[in-house]
Amino acid sequence: MSPIATLASRDYIAGLAKGLQLLQAFDHAHQRLNATQAAQRAELTRAAARRYLLTLHALGYLETDGRQFWLTPKVMQFSGNYLASAQLPRVVQPHLDQLATHTGGAFSVVVPDGGEVVIVARSRTALVGAVQALPVAVSPSGVDLHTSQAQHIRQIMTMAQGLHLGARLPMHATSTGQILMAYWPEAAVDNWLRAHSLTRLTPQTITTPSGLLERLNQARAQHWVHAVDEHEWGVQAIAVPLQRADGQVVAALNVVLASGANGASPEPAVTTRWLSWLHEAAAQMRTVL
């Protein structure tokens with residue numbers, strides 16, 4: 001049962017809820033909204049949406065040209081306050097940076113939120129130096145391994161730029177979302193499936209409840225998920241659960257890699273190599289979560 005359902009009506013401030021709902025109407029695909037568009041996305045009347053927009057503008061959370069509105073950097077104060085006060089991002093950050101330095105990978109820690117997962121920490125180590133640090137090497141077939149590795153690292157860097165702190169990703173189509181759901185009670189998974197659609201993002205996206213349940217059962221049995229091209233074409237990710245000392249899963253840890261001919265392949269050897277690093281890091285983090 002949701003917190004709203006258990007909150008007494010006298011304690012529920014509808015105006016605050018609607019204002020926050022309107023802020024959430026802005027996203028990558030809806031960077032600028034007029035009053036009519038905002039009303040439709042926030043499920044408000046146009047008159048109400050206009051008042052909320054003007055109030056948020058007066059408070060500094062929105063900017064406007066008189067017709068359209070868009071978010072200002074002030075909204076980042078909320079995420080900044082979370083990152084500064086929440087324990088999880090602070091305690092996992094050193095482990096993510098150490099992983100990135102040691103492996104050259106792009107790592108994230110993710111938590112669930114409704115139908116999505118949210119990135120709350122990610123490795124900060126710059127990968128640029130890794131390109132220059134690669135040894136000059138040529139394979140027996142004459143392939144320039146330095147160039148091949150450098151291209152792979154640049155692909156990781158490009159993907160890592162898009163996976164910023166606070167980024168929200170669909171739960172059903174990501175390795176982190178799937179590993180988190182795998183540890184939910186059966187009733188919680190059933191409720192989630194009834195409330196959310198399995199949107200197809202690529203030809204590889206799981207779009208049927210039976211398919212997703214099969215993936216969750218597999219993830220629960222092996223304690224990891226490898227998703228290839230399911231959220232975005234050309235991207236694969238391997239995720240493991242992050243557990244507290246009492247065994248409770250509180251987040252997911254993953255590494256994002258390129259897929260296809262120019263990047264890391266989904267071969268068992270590749271998965272095994274990355275899993276050894278992920279599991280070791282998860283074991284270390286378990287002592288501080």
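Residues numbered from 1 in each chain as written. Predicted model: local features only at pLDDT ≥ 70, side-chain atom pairs only at ≥ 80, totals over all residues. Heavy atoms only, no water.

Asks: Hey, could you run me through a nonpolar patch on the surface in this one?
Replies: Taken together, the side chains of Ile13, Leu16 and Leu20 define a hydrophobic patch exposed on the protein surface, amounting to about 300 Å² of accessible area. When you line up the elements, Ile13 lands in the loop between helix H1 (3–6) and helix H2 (14–23). (Patch = residues over 30% accessible without salt bridge, like charges linked within 9 Å, V, L, I, M, F, W, Y side chains within 5 Å. Areas by Shrake-Rupley, 256 points an atom, 1.4 Å probe, with all protein chains shown as cover. Salt bridge = Lys/Arg side-chain N within 4 Å of Asp/Glu carboxyl O. Helix = DSSP H or I, 4+ residues; strand = E, 2+ residues; numbered from the N terminus.)

Asks: Looking at this structure, how should I read the confidence of the model for the protein?
Replies: In low-pLDDT segments, the atomic positions of the prediction should not be examined closely. Chain-level pLDDT for the protein is 83 on average; 81% of the residues reach the 70-or-more range. Taken together, the stretch residues 126–146 has pLDDT below 50 and engages in 24 contacts with residues farther than four places along the chain or on a different chain. Low confidence marks residues 156–161, where pLDDT is under 50. Its contacts with residues over four positions away, or in another chain, come to 15 contacts. (pLDDT = per-residue confidence, 0-100. Contact = heavy atoms within 4.5 Å.)

Asks: Help me understand the packing of helix H3 (residues 35–42) against helix H4 (residues 46–58), please; the structure alone is not making it clear to me.
Replies: Axis angle and axis distance: for two packed helices, these are the angle between their axes and the distance between the axes, and together they describe the pair. H4 packs onto H3 with a crossing angle of 105° between their chain directions and a minimal axis gap of 8 Å. Our classification of the angle between H3 and H4 gives roughly perpendicular. When H3 is examined against H4, the residues Ala35, Thr36, Ala38 and Ala39 are found in contact with a partner set consisting of Arg46, Ala49, Arg50 and Leu53. Here the residues of the contact of H3 with H4 are counted per class, giving five nonpolar, one polar and two charged. (Axes fitted to C-alpha atoms, helices over the stretch in contact; angles between N-to-C directions. Parallel < 35°, antiparallel > 145°, perpendicular 65-115°, else oblique. Nonpolar A, V, L, I, M, F, W, Y, C, P; charged D, E, K, R; others polar.)

Asks: Can you walk me through the layout of surface pockets in this structure?
Replies: Remark: the empty space left among the atoms is shown by a probe the size of a water molecule rolled over them. In this structure, the largest pocket encloses a volume near 1800 Å³. Taken together, 35 residues form the lining of the largest pocket, with Gln24, Phe26, Leu71, Gly166 and Arg168 sitting closest to its centre. A per-element tally of the lining of the largest pocket places helix H5 (residues 76–85) first, with five residues. Here the lining of the largest pocket is composed, by residue class, of 19 nonpolar, 11 polar and five charged. (1 Å grid on protein atoms, 1.4 Å probe; cavity = no way out; pocket = protein on both sides within 12 Å on 5 of 7 lines; lining within 4 Å. Points joined across faces, edges and corners; volume = space filled by probe spheres on them.)

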